[in-house]
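# Report on the structure
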Amino acid sequence: MTTPTESLDDWLDTYLPESHRNCLLDVGAYHGDFSLECRKRELCQIAHLFEPNPQNQILLKSSIQNIPNFTLHDFALSDSAGESVFQCSEDRATGSLLPYRGPEPLNLTSFGVKQIPLDRWWEMHDLPRIGLVKVDTQGNDLNVLKGGEKLIQKNRPWLIIE
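Here's what I pulled together on the structure shown here. (Residues numbered from 1 in each chain as written. Predicted model: local features only at pLDDT ≥ 70, side-chain atom pairs only at ≥ 80, totals over all residues. Heavy atoms only, no water.)

### Quick word on unusual backbone geometry
- The residue Tyr30 is not glycine, and still its phi comes out positive at about 55°.
- When you line up the elements, Tyr30 lands in the loop between strand 1 (23-27) and helix 2 (33-40).
- Here Tyr30 falls in the partly exposed class, since its relative accessible area comes to 29%.
- A positive phi is found at Gln138, a non-glycine position, where the angle reads about 50°.
- With respect to the helices and strands, Gln138 occurs in the loop between strand 8 (130-135) and helix 5 (141-147). (Helix = DSSP H or I, 4+ residues; strand = E, 2+ residues; numbered from the N terminus. Buried < 20%, exposed > 50% of the residue type's maximum accessible area, 1.4 Å probe, protein only.)

### Some points on the pairing of strand 7 (residues 108-117)
- Of the pairings in the sheet, the one linking strand 4 (residues 76-78) to strand 7 comprises three bridges and is parallel in character. By the bridge assignment for strand 7, Leu77 is matched with Ile116. (Pairing = 2+ DSSP bridges.)

### Comments concerning helix 3 (residues 54-64)
- Residues Asn56, Gln57, Leu60 and Ile64 constitute the buried set of helix 3. Buried residues in helix 3, looked at end-on, bunch into an arc of 100°, giving them a common side.
- Packed against the buried residues of helix 3 are helix 2, strand 2 (46-50) and strand 3 (70-73).
- Between the side-chain oxygen at the start of helix 3 and the backbone nitrogen of Gln55 there is a gap of 2.9 Å, and the oxygen is on Asn53. (Arc of directions from axis to C-beta. Contact = heavy atoms within 4.5 Å. Polar contact = N/O pair within 3.5 Å; in protein donor to acceptor, adjacent residues only side chain to side chain.)

In short, the description is geometric, and any link to function would need to be established separately.
In C-alpha cells:
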C-alpha cells in the first residue's frame, strides 16, 4: 500500500521485482497514461492496452503509435465471449460493460462492443511472462479477473485493480 506522499509509480519503482518488468496488460487503458508512465520508468518493455471505446482509441493510438511493442486492442475483456453493451459518460472518462446504477441519471452513450475472456486472448498469443496487470473497468474488474484465472495462476502477475 502506498503512503499519502508516495505515488503508485514510485511504489512500483521500488518494489516491483525485475522478473515482473517485462510485459504489462492495461485493461481499461483510457488514454494510456499508466502504460506510458510504466514504460518511462522501465517497468515494462511490452504493453497490451485494452480499450473498447472508439473515441478513446483515437487518442490512445496517437499516444502509442511510435512505441515499439505497445499494442492497442479494441475490445473489452470480461468472463465470457460475445457482444455486449458498453456505456460511457459524455466526457468518456468513465465507461463499463455494467449498467449504470448511480443516484442520478447521467448523459450516457451506449454502443455494442466485442468482449472475450482474458484467458482466451492470452492463449491466442505467444507472450513472455506477464508481470503486471492493471484493471480499471468501472465495476467489471472481478469479471475480468475471473476470465483471466489461468493467466493469473501461470504468470502470477502483480495486480492493480482500480
